[in-house]
Each structure stands twice: as structure tokens, then as C-alpha cells.
Amino acid sequence: MVKNKKFILVKHFEGEIDKSCLKLEEENVPTLKANEVLTEALWMSVDPYMRPYSAHLPLNSVMIGSQVAKVVESKNERFKVGQLVLGYFGWQTHTVWNPSEMSSALGNPYVLPDFGDLPPSLGLGIVGMPGLTAYFGLLELCDPKPKEVVVVNSAAGAVGSCVGQIAKNKGCFVIGFAGSDKKVKWLKETLKFDAAFNYKTKDVSEALKEAAPGGVDVYFDNVGGEFSSSVLYQMKDFGRVAVCGSISSYNADHKHLPKATIIQPPLIFKQLKMEGFVVTRWKKRYEEGIGQLLKWVKEGKLVYEEHVTEGFEKLPDALLGLFQGENTGKAVVKV
């Protein structure tokens, strides 16, 4: 009998990620019924969205998350044994699912394209949800033009590193912010950002005045908070802002958050366009996005880095590490 290991959310997180909120359990995998598929996880993802989304997850449910999994048994003609599938199956090693009954706010399972010699874990990163987030969020909402100044924060993360590189491919002047000197060095030397700063040691406003004295055209925001207020006041007329994340407040008690910095003046007088988004807005265009991202990776126009944690049981540690800034590039767990 095949055994499934799974992490159950037994208590909602309060403040920082607390590993005691997750409980490891084991169960027998049921026999497949008609149209069902059994997959075994190979790679699993940890992402910032898990923190806010998990607040709405019923207790004693499997912790949310995506995985690259291998089809090990199938009674559905659409999915063949041996295929690699990307699915939001949560934190479990084995999943029995019926494609006709799957429903996920983040997207339904799909068979990964041929990655060639590239690792299948890229389906969780630069050729997956983070890459699609960068691709559609930047190009659809901000429409960057050659020589425009593009600013991205959390720039050494899975989404931010992709945003910056796409902007460079479009001929933009790219400024990135990250949380360590090592990450800043990676942005400059490996990803070829035009400028990069450690926001922990360099004032954001001063950094922008130094790197972009004429102002900012495009801002891709993964962080929110005071950081974003500083950038908005440095933007040019008719600048565009894509609000992707607010990781600075995900662990905060919203009852005690400080009052928002006044952002209306730059929005009004600089006539800025500021729009929040969730990548599933472009669900019907995922195939297009994945195809273009994969092409750029194979051409060397998108460079990737993975922060790999070994072992299914280490998932809680990997999630905690993500919020502590341990990762450069995409954080994944090798099951």
C-alpha cells in the first residue's frame, strides 16, 4: 500500500511563520476510480502568497502549494503514466485527483512542456507561476518602452529577478533592490541590472536620486509599505505601477499596522497609473506565457537561480526561510 505524507494546517499563522501550526501526517493512498490520476511529488514550491492565502484555509486542511509531480497511475486518457504535471495539490507527497473535478483559484493541473535538459523544477519558478506573474504583470500593466527606467523590489526573488530581466530584454534601464550585499552583487554581475541597492543599508529615495535623477517610469512592487511610498514620490509624470505583492505586511497584525503614508499627491499630480493584480487574470494565456519564458531561458535571455531545500519534511523550514530572506531566486523543495 502506497503511503501519502501530508502537512496539515492545525492553526492559522499569527505574526511570523510558526512551524508548530503545521502537523505532519501519514495515510494510505486510496485505489483509483474511473477518470482519476495518481501523482507523486518530485518538487514543491514555497511562495509568499502562502502566508495570506493560508489565513482563509480551513483548519485541518492540507497546506496549500504547488508541485511538479509525476503521473504514476492513471485511469484518465488525458494524463499518461510518466508525464510531469504542475498542480496545486498542496503539501502532500501523493495526490489522487479527477481532472474533471479539479477547481483551483490558482489554476488547474497541466502537463509540463518539454524542458529538454533544463530541470523540471523550473515549472515552479521562471517557467511557472512566478515567471508568468512577471511576464504578464510587467508587460500587460506597465508596457515598458526602450530606455525607460524600471524599478523592482525583492529583485533577487523568483518574481523580481524575472521582472528585471524581461525589462532588460525590452531595452530598459533596470534598478533592483534586495536585502543583502550578496544579492545586490548577483543582480549586477549575473543578471546585468544597471543598478542595484541593499535597501537595508541604503535609503530608497537617495538610491533612486542617485541612479535615476530624471525619475522612474515603471515600478513593479512586490513589497508595499514605506518602500513603495518612497518610490512613488520619485516617479515621472504618467508613470505606471504594477502592485504584485505586499510581503512587508504579510506577517503583520493588520489591526496594529501604522497609518498609510499619504500617496495621493504623486498619484494625482504625476498622473500615475497604479494597478494591483493576480496572475490568474491571464489563465487563458498561460500557454503563451510559458512558451515565451521557456524560449527566453533556452536562448540565455533569462537566467535563473534556485534555492533548493532537500526533503519533504523540510517544507516548513523552507517557508520560514523564504520570509527570512534566505533565498536567491526561486525557493523549491526537492522531495
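Being a predicted model, the structure only gives us computed values, none of them experimental.

A. Local environment of unusual backbone geometry. The backbone of aspartate 143 sits at a positive phi, close to 45 degrees, despite the residue not being glycine. In this fold, aspartate 143 is placed in the loop between helix H2 (129-141) and strand S9 (149-152). Residue aspartate 143 is classed as partly exposed on the basis of its relative accessible area of 42%. Even without glycine at this site, phenylalanine 238 takes up a positive phi of about 65 degrees. Within the secondary structure, phenylalanine 238 sits in strand S13 (residues 235-243).

B. Looking closely at the side chain of asparagine 76. Along the polypeptide, asparagine 76 turns up in the loop between strand S5 (67-74) and strand S6 (84-87). Under the relative-accessibility criterion, asparagine 76 is labelled buried at 10%. Excluding anything up to four places from it in sequence, asparagine 76 contacts Asn35, Glu36, Val37 and Pro99.

C. Broad picture of the state of the cysteines. Counted under the stated rule, the structure contains zero disulfides. No disulfide involves cysteine 244; its nearest neighbouring cysteine sulfur is the one of cysteine 142, lying 10 Å away.

D. Looking closely at the side chain of serine 121. Structurally, the position occupied by serine 121 is in the loop between strand S8 (110-111) and H2. Taking relative accessible area as the criterion, serine 121 reaches 1% and is therefore assigned buried. Excluding its chain neighbours within four sequence positions, the residues that come into contact with serine 121 are Trp43 and Glu306.

E. Structural view of the sheet that holds strand S2 (residues 22-28). The strand order S2-S1-S4 describes an open sheet built from three strands, whose pairing is antiparallel. Sheet topology places S2 and strand S4 (61-62) at the edges, where each strand pairs with a single neighbour. Bridge count for strand S1 (residues 3-9) against S2 is seven bridges, and the pairing is antiparallel. Counted as the bridge partner of asparagine 4 is glutamate 27 from S2.

F. Main features of the pairing of S13. By the bridge criterion, five bridges tie strand S12 (residues 216-221) to S13 in an arrangement that is parallel. Across the sheet, phenylalanine 220 pairs through a bridge with alanine 242, a residue of S13.

Analysis parameters
- Residues numbered from 1 in each chain as written.
- Predicted model: local features only at pLDDT ≥ 70, side-chain atom pairs only at ≥ 80, totals over all residues.
- Heavy atoms only, no water.
- Helix = DSSP H or I, 4+ residues; strand = E, 2+ residues; numbered from the N terminus.
- Buried < 20%, exposed > 50% of the residue type's maximum accessible area, 1.4 Å probe, protein only.
- Contact = heavy atoms within 4.5 Å.
- Disulfide = S-S within 2.5 Å.
- Pairing = 2+ DSSP bridges.

By themselves, these figures tell us nothing about what the structure is for.
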